Every structure is written in C-alpha cells, then in structure tokens.
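Overview (structure and organization)
Residue strings, one per chain:
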Amino acid sequence: MTAHPHGHTISEAGFTLAGNYPEADPSGGLEETLRLFEFAEEIGFQVAGIRQRHLERGVSSALTFLAAATQRTDTIRLETAVVPLGYETPFRLAEDFATVDALSGGRLNVGISSSAPHGDLLRHLGRGEEEAVDPYELISRFLEAVEGRALGPDITTPYGPQTPRVQPHIADLRDRVWLGGGSARSVRWAAQRGLKLLLGNITASASGDDFETAQRTHIDDYYAHHSGPGAPSVGVERVILPLDSATSSQRARYTAFAESRQARTEAPVGGHVFQRDLFGTADDIVERLLADPAIDGRTELRIALPYALALDDYRQILSDIRHAVLPRLGWVPAASALVPSA
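**Notes on the overall build of the chain**
Within the chain, the secondary structure is distributed over 10 helices and 15 strands. Since a compact globule built from 342 residues should have a radius of gyration of about 20 Å, the 20 Å found for the chain is in line with a globular shape. Overall size of the chain, expressed as C-alpha extent along the three principal axes, is 65 × 45 × 45 Å. Across the 342 residues of the chain, 49% fall into the buried class.

Here is the structure:
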C-alpha cells in the first residue's frame, strides 16, 4: 500500500445511482431522482452521478437526464457513471456531452466505459456495421472528437466560414473525461492517455488478491503510469448503508440487501472480486473507511446507492453519511451548501 501525506481523508465526495422508476410512472421516478440531486447539492456533496442502464427501469440516457439536472442545480458537479461506448457514435456522443456541459456551466464529469451490455439482445438494433471495432478504438475516436481539433479547412455555414469541429467546442472537456475501469488494461490505458479513473466495487484480481489489495494495486499502477496534460484523479464507489437514523422498515430493507450480496464477496468469480458493503452504524462505517487502502487523501468517494429504494431512503443514507461519517474522515462540505456543517 502506498502511503500519502494526508492520511485517510476524503477531499471530495458524491454519489451515483441508477434512477429507478415504476413501469407505469417513469416521469415520477425521474422527478424523484432530480429532487435527490437538489438535496445532495443543498447538503454539500460535490458530485452527483447517474448510471446509464439499458433494458432496465432506470435511466437509459444519462445525458438526457443530466440535461434536466443542469436546470435544477447550480454548483454540484454532474457525472455520467458511466456511458458505455459500445452503442454510441463517438462524434455524436461528444456533441451531446459538450451540449450538456455548456448547459451546466462547465460542471460535467464525462464518465465513459468500453462496454456494450446486453450485446446479444441489442446488437440487431444497433448500427449494423460490418466493421468490428475494438472498444478502446471507440474511446480514442471519442477523445479526438471531444478535443475539437479541426477536421479540415473552413466550411461554409449560415454563420459564415467556420472551423469544422465538434460543437459546442469546450476547450477543457477532454480534461474531465473519466474512464470506468477495473481491469489492468483499462487502468493502464486510462493512465497513459491522461484520463481520470472511476473504480467500482468489483475489480479484476489476476493474482487472487482480496478486493482492497487488488484495487490498491490498480490505483498505484494508474498513478505510476499517468501521463498527459490533465491532472490524475481516481474516484472509487463504495456501497454505504448507515443505520443510525434509519427507521425499522429501512433497517430491514438495508439488512436484506446487504445479506443478499454477502456470498459474492467470499470468493473470486471469474477472476473478479467484490467488496463487502459498508453496512452498520456510523462508527462501523468510519472504521471500515479508515482501514480502506484506497481512501488515501487523494481518492474521491462515490457513494453507490442501492437499486430500487425510495427517495426517503436515499435521503436518509446521504444525510447520515454527510453528517455522521464524512466529517470524521476530514471531508468538508461544498462552500455552496445551504445548511451549516455538522
């Protein structure tokens, strides 16, 4: 484990969730998720992230959702966690990211991955191209589009001659690209291209290391090989379920959730290892985080909220973590928070 001068502190913290909704009421569920983004900003979190889930009752278009979130928030950074590039056209995705970033006033974290989930079900609804493109080649094309380099000589437009490049052109948008990874290849690839790195609660473990050791190895490898103009950054997801202010029914739901996931943490599955959820009192959770080798004073925390809970559940989880956990780890809420520090 690499030691860092700041000890076990967390400088920036946020959350991510899937934005679930009932089959018959997607608008109601999406509205509740927008309200959660507003709440997180009010209590001082620095980042609010949305997953992109396909073929599920969750947000299937992260950027469409975040476009709405730009109009409901003012200061919190908005994050896609993550958009799988397997179904995207790189230049069109770059246009969408740039547009939402402009709407947000420069608050967007560009989270992407090389995956294409449910490929066996969705392939026939895709582009139908014969070319088999390596997923990392798609990311390279996306990065080139985001950079906004001229694609040729000026073109004629209704606004007069114009440089042909992705519009709107956001000069620093490439510096805010985060690659969702967990394999040795994805970590090294992100580092060598100067990208930021998002790590979940599952990671590859070629040598059979436990989750914490394997993830720390990935983080150290990332920092050792990072190059390029952007500053290196790592964000890690942790499922955190504090019980301090939970009602009896919430405690029952959280307990059932944590117990249902415990078995997968006991042995590697297909070369991957899972982290045990942080479940219990604030004291229990602080103890776990203090012992977590990824929480090193540099790493940003992303609270991974469980699927299919109610808005009141999410508010209780975030509030307990904000007031009872994070301040004991050196975290300070955003200066724009509308409530005083605990």
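**Focus: the pattern of salt bridges**
For side chains bearing opposite charge, pairing can occur when the charged atoms are close. Taken as a whole, this structure holds 24 salt bridges when the rule is applied. Across the pair Glu38 and Arg72 runs a salt bridge, and its minimum N-O distance is 3.0 Å. Here Arg72 lies in the loop between helix H2 (62–70) and strand S3 (77–80) and Glu38 lies in helix H1 (residues 26–42), a separation of 34 residues in the sequence. By relative accessible area, Arg72 is classed as partly exposed at 28%. Across the pair Arg216 and Asp296 runs a salt bridge, and its minimum N-O distance is 2.7 Å. Residue Arg216 is found in helix H7 (residues 211–225), and its partner Asp296 is found in the loop between helix H9 (282–290) and strand S15 (300–304); the two are separated by 80 residues along the sequence. Owing to a relative accessible area of 3%, Arg216 belongs among the buried residues under this scheme. A relative accessible area of 5% places Asp296 in the buried class. Through salt bridges with shared partners, one network takes in Glu12, Arg77, Glu79, Glu300 and Arg302.

**Quick look at the packing of aromatic side chains**
The relation between two aromatic rings is expressed through the spacing of the ring centres and the mutual angle of the planes. Across all of its chains, the model carries 6 aromatic pairs by this definition. On the basis of an interplanar angle of 50 degrees and a centroid distance of 5.3 Å, the ring pair of Tyr136 and Trp189 is categorised as tilted. Linking Tyr136 in helix H5 (residues 135–147) with Trp189 in helix H6 (residues 184–192), this pair joins segments that are 53 residues apart in sequence. For the pair Tyr136 and Trp189, a shared accessibility class is recorded, and that class is buried. Following the ring pairs from residue to residue traces out a cluster consisting of Phe15, Phe37 and Phe65. The residue whose ring lies beneath Arg298 is Tyr223, and the NZ or CZ to ring-centre distance is 3.7 Å. Over the ring of Trp178 we find Arg302; its NZ or CZ atom is 5.3 Å from the centre of that ring.

**Quick notes on the packing of H5 against H6**
One can describe the packing of H5 onto H6 by two numbers: an axis separation of 12 Å at closest approach and a directional angle of 20 degrees. When the axis of H5 is compared with that of H6, the two are roughly parallel. The hand of the H5/H6 crossing is right-handed. Residues Tyr136, Ile139, Ser140 and Leu143 of H5 form the contact with H6, whose own contacting residues are Arg185, Ser186 and Trp189. Of the residues in the contact of H5 with H6, the class split is 4 nonpolar, 2 polar and 1 charged.

**Some words on the pairing of strand S1 (residues 13–17)**
Burial analysis of S1 places 5 of its 5 residues in the buried class, the great majority of the element. Burial of S1 is two-sided: the residues Ala13, Phe15 and Leu17 facing one way and the residues Gly14 and Thr16 facing the other way are all buried. Here S1 runs beside strand S2 (residues 47–50); their pairing, made up of 4 bridges, is parallel. Bridged to Leu17 within S2 is Ile50. Where the polypeptide runs from S1 across H1 and back to S2, its parallel neighbour, the crossover connection is right-handed.

**Points about the side chain of Gln215**
Tracing the sequence through the fold places Gln215 in helix H7. Owing to a relative accessible area of 1%, Gln215 belongs among the buried residues under this scheme. Beyond its immediate stretch of four places on either side in the chain, Gln215 contacts Leu199, Gly200, Thr203, Val236, Arg238 and Ala294.

**Comments concerning the nonpolar core**
The biggest cluster of nonpolar side chains holds 83 residues, and the ones touching the most others in it are Phe15, Phe37, Phe97, Phe142 and Leu318. For this core, the element with the highest residue contribution is H5, accounting for 7 residues. In this view, Phe142 contacts Leu85, Pro90, Leu93, Ala94, Phe97, Val110, Ile112 and Val177; residues no more than four positions away in its chain are not counted.

**Here's the deal with the confidence of the model for the chain**
When pLDDT is low, close inspection of the predicted coordinates is not appropriate. The predicted model of the chain averages 93 in pLDDT, with 95% of residues at 70 or higher. A low-confidence stretch, residues 1–6 (pLDDT under 50), is modelled with 9 contacts involving residues beyond four sequence positions or located in other chains.

**Some details on the environment of Pro164**
One can find Pro164 in the loop between strand S7 (160–162) and strand S8 (177–181). When the C-alpha atoms of Pro164 and Arg149 are compared, they prove to be 8.3 Å apart, with 15 residues separating the residues in sequence. Those residues in contact with Pro164 that sit more than four places away from it in its chain are Arg149, Ala150, Leu151, Gly152, Pro153, Asp154 and Ile155.

**Considerations on the pairing of S15**
Among the 5 residues of S15, 5 are classified as buried, and the element is accordingly described as predominantly covered. Alternating positions in S15 separate into two faces, Glu300, Arg302 and Ala304 on one and Leu301 and Ile303 on the other, with burial throughout. Here 4 bridges tie S1 to S15, and the two strands are oriented parallel to one another. Looking across to S15, one finds that Ala13 is bridged to Leu301. The pairing of strand S11 (residues 234–238) with S15 spans 4 bridges and is classified as parallel. Paired with Arg238 across the strands is Ile303, a residue of S15.

Here is what the cut-offs are and how they apply
Residues numbered from 1 in each chain as written. Predicted model: local features only at pLDDT ≥ 70, side-chain atom pairs only at ≥ 80, totals over all residues. Heavy atoms only, no water. Helix = DSSP H or I, 4+ residues; strand = E, 2+ residues; numbered from the N terminus. Rg over C-alpha atoms; globule rule 2.2 N^0.38 Å. Buried < 20%, exposed > 50% of the residue type's maximum accessible area, 1.4 Å probe, protein only. Salt bridge = Lys/Arg side-chain N within 4 Å of Asp/Glu carboxyl O. Phe/Tyr/Trp six-rings, centres within 6.5 Å; stacked < 30°, edge-to-face > 60°. Lys NZ or Arg CZ within 6 Å of the ring centre and 35° of its normal. Axes fitted to C-alpha atoms, helices over the stretch in contact; angles between N-to-C directions. Parallel < 35°, antiparallel > 145°, perpendicular 65-115°, else oblique. Left-handed = near helix turned anticlockwise from the far one by under 90°. Contact = heavy atoms within 4.5 Å. Nonpolar A, V, L, I, M, F, W, Y, C, P; charged D, E, K, R; others polar. Pairing = 2+ DSSP bridges. Right-handed = clockwise from strand over helix to strand, strands pointing away. Core = buried A, V, L, I, M, F, W, Y, C linked by side-chain atoms within 4.5 Å. pLDDT = per-residue confidence, 0-100.

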